[in-house]
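If you want the building blocks of each chain, they are given just below.
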Amino acid sequence: MVAPFILGGFLALWIRRVPGLFSEKATDFEAVLFLGAAMSITAFPMLARIIYERGITGKPLGTLALAAGAIDDATAWCVLAIVLASFGGGAMIAIQAIVGGLLYGLFTLTLGRKLLRRLGVIAERNGEISPTLLGVTLMLLMLGSWTTDAFGIHSVFGGFILGVAMLRGFYTEELRRQLEPVAVVFLLPIFFTFSGLNTRLDTVNNLQLLLIASVVLLAAIAGKGAACWLAARLNGEIIERPLQLALS
C-alpha cells in the first residue's frame, strides 16, 4: 500500500491545481489522503474472482493475496473516513470506522468463531446443511456485512472476516457447494453491472483529463507492481519468467 499511496500523494499535489477536480475548500493534506487511499485500495471482489479463476483458492499464495487485500481495503476505508471527517463530517466518522472495524473483527474471530464452530458441529452430525442451518448462516453473513457497512467500511470486509472465522471442514465445503453457483452465475454479474452503472467514463471528455487519468492509472500499476515484486524478492520468493507468468 505504501508505494501507490506515496505516488498518489504526489499526484494529488499536482491534480489539485487543476480547476474542478477538487473542491476549493480541500486542503493539500485532504487531497493527498484521498488520492493516496484511492490509488492504494484493492478491488477485493475482483481479486477474489481472479484467485478463483486461477485455481489458487485455499493455497498459500491465494490466501496471502486475499488476506493482504482485506487488510488493504479495511485500511483504505479507514483513511477515507478520516478524509470525510476532515471535510467537516466530524471526528466520529473516522473513530466509528476504525474502532468499529476493530471491534467487529475481534468479536467475530473470538465469540463469533465459537458460534460458527457449533454450527459446523451440527452440520457434521447431521451429515448435511439443513435449510434452517443455511438460513442462519446467511443471516449471519448479512448481519456481518451490514455491520461493517454501518461502521463505514465496505460490506465485503464483514463477509470476509466471517469466512475467516468459520470452521474448516464439512461445513464450509458444503456451503461452497450450495452457494457457489448462485454467487458465480448470479451475484457476480450483478456486482459488475452495479459497478458499471456507477462508472462515468463520459466525464473524461478532453485531452487534459485523459492525460491525468492515464498518469494516475500508470502510477497505480507501477507502484503496486513494483512494490509487490520487491516484497516477494525480499521475502525469498523466486520469481521465474515474470513476464511470461504475468501473461499466462
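Scroll up a little and you will see the structure.
First, a word on what this report is: a plain description of the structure on this page. Numbers given to residues run from 1 along each chain, matching the order in which its sequence is written. Note on the predicted model: pLDDT of at least 70 is required for a residue's local features to be given, and 80 or more for side-chain atom pairs to be given and counted; whole-chain, interface and lining totals, by contrast, use all residues. Side-chain numbers here rest on the full set of heavy atoms in the structure, without hydrogens or water.

**Some points on a nonpolar patch on the surface**
For step 1, the next point in the chain: Exposure above 30% relative accessible area and the absence of a salt bridge qualify a residue for a patch, where like charges join within 9 Å and nonpolar side chains (Val, Leu, Ile, Met, Phe, Trp, Tyr) within 5 Å. Accessible surface is estimated by sampling points in the Shrake-Rupley manner with a 1.4 Å probe; for residues, cover comes only from the protein chains shown. The salt bridge definition used is simple: a Lys or Arg side-chain nitrogen within 4 Å of an Asp or Glu carboxyl oxygen. Among the surface-exposed residues, I82, M92, I95, I98, V99, L102, L103 and L106 lie close enough to one another that they form a single nonpolar patch of about 750 Å² accessible area.
For step 2, the next point in the chain: Each helix corresponds to a stretch of at least 4 residues labelled H or I by DSSP, and each strand to a stretch of at least 2 residues labelled E; elements are numbered beginning at the N terminus. Here the nonpolar patch gets seven residues from one element, more than from any other, and that element is helix 5 (residues 91-126).
For step 3, the next point in the chain: Residue L106 is classed as exposed on the basis of its relative accessible area, which comes to 56%. Accessibility here uses a 1.4 Å probe with only protein chains present; expressed as a share of the type maximum, an area under 20% marks a residue as buried, one over 50% as exposed, and anything in between as partly exposed.

**Things to note about the pattern of salt bridges**
For step 1, the next point in the chain: Enumeration over the complete set of coordinates arrives at five salt bridges.
For step 2, the next point in the chain: The closest approach of N and O atoms between R176 and E173, which form a salt bridge, is 3.0 Å. Of this pair, R176 and E173 are both found in helix 8 (residues 170-197), three residues apart, which corresponds to roughly one turn of the helix.
For step 3, the next point in the chain: Under the relative-accessibility criterion, R176 is labelled partly exposed at 38%.

**Points about the packing of aromatic side chains**
For step 1, the next point in the chain: Ring geometry is summarised as follows: Phe, Tyr and Trp rings, the Trp one being its six-membered ring, pair when their centres sit within 6.5 Å, and such pairs are stacked at plane angles under 30 degrees, edge-to-face over 60 and tilted between the two. With the rule as written, the count across this model stands at one aromatic pair.
For step 2, the next point in the chain: An angle of 90 degrees between the planes, with centres 6.2 Å apart, marks the rings of F22 and F34 as edge-to-face. Of this pair, F22 sits in the loop between helix 1 (2-15) and helix 2 (28-40) while F34 sits in helix 2, and the two are 12 residues apart along the sequence.
For step 3, the next point in the chain: Note on F22: relative accessible area 17%, which makes it buried.
For step 4, the next point in the chain: With relative accessibility at 39%, the residue F34 sits in the partly exposed group.

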